[in-house]
Amino acid sequence: MAKPAKPKQPTTAQRIVAEAHSLLGIHEVPDGSNSGPAVHRIQSATGAYGAPWCVSTVQYIVKQVTGHTIADGTAGVYYLISYGQAHGWQKPRPVVGGPVCYRIGQGHAGTVVQVLEDGSFYAVEGNEANAVRLMHRDPRTISCVFLKPPYLA
């Protein structure tokens, strides 16, 4: 008699995507404050309370799944980009479960949750219009840096 097959465990990327989706709808209280109970919980990953929290959202997701943050626990987009480049994490296309950093203004970041055939993608982004939102992005219209940290090996 054959043994029953072990249930397949979700990959790290799948766990990151699920964690990212679980944050959708979190918003600032009051609006525009970079604050609020749920936002503070996200900011606890970096300790950057009251600051823009897009990278803190990326870090929170990673920490919930892997038990640790990346890139020295930074809350800064441009530091995350530099760290990722220095450590060989940069990729030419979006990576499901990986951070995406946008070179716009003071920077913005999210977690890639789906890549489409045309090269565009969906990312869960904290501090997008004062909330965690699912955003469709096209790297042909916004400057993106895609990262694949070692937890996605």
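What counts and how
- Residues numbered from 1 in each chain as written.
- Predicted model: local features only at pLDDT ≥ 70, side-chain atom pairs only at ≥ 80, totals over all residues.
- Heavy atoms only, no water.
- Buried < 20%, exposed > 50% of the residue type's maximum accessible area, 1.4 Å probe, protein only.
- Helix = DSSP H or I, 4+ residues; strand = E, 2+ residues; numbered from the N terminus.
- Contact = heavy atoms within 4.5 Å.
- Pairing = 2+ DSSP bridges.
- Axes fitted to C-alpha atoms, helices over the stretch in contact; angles between N-to-C directions.

Asks: Even after reading the chapter, I still don't get helix α4 (residues 77-86), so can you show me in this structure?
Replies: Each α-helix turn comprises 3.6 residues. Residues three or four places apart therefore point the same way. Turning to α4, its buried residues are Val-77, Leu-80, Ile-81, Tyr-83 and Gly-84. Of the surrounding elements, those touching the buried residues of α4 are α3 (54-66), β1 (90-91), β2 (99-102), β3 (108-115) and β6 (144-147). Gly-88 sits one or two positions beyond α4 and adopts a positive phi of about 75°.

Asks: Where do I start with the sheet that holds strand β4 (residues 121-128) in this structure?
Replies: In a beta sheet, neighbouring strands are held together by backbone hydrogen bonds and run either parallel or antiparallel to one another. Strands sit in the order β1-β6-β2-β3-β4-β5 across an open sheet of six strands; the sheet is antiparallel. With one partner strand each, in any of the chains shown, β1 and β5 (131-137) form the two edges of the open sheet. As defined by bridge partners, β3 adjoins β4 across four bridges and the pair is classed as antiparallel. Across the sheet, the residue bridging to Thr-111 is Val-124, located in β4. Packed onto the sheet, α4 meets β1, β2, β3 and β6 and runs at close to 120° relative to β2.

Asks: Is there a simple way to think about unusual backbone geometry in this case?
Replies: Glycine aside, a negative phi is what most residues show, and trans is what most peptide bonds show. With an omega of -10°, the peptide bond between Val-29 and Pro-30 qualifies as cis. The phi angle at Asp-72 is positive, at roughly 60°, despite the residue not being glycine. Judged by relative accessible area, which is 62%, Asp-72 ranks as exposed.

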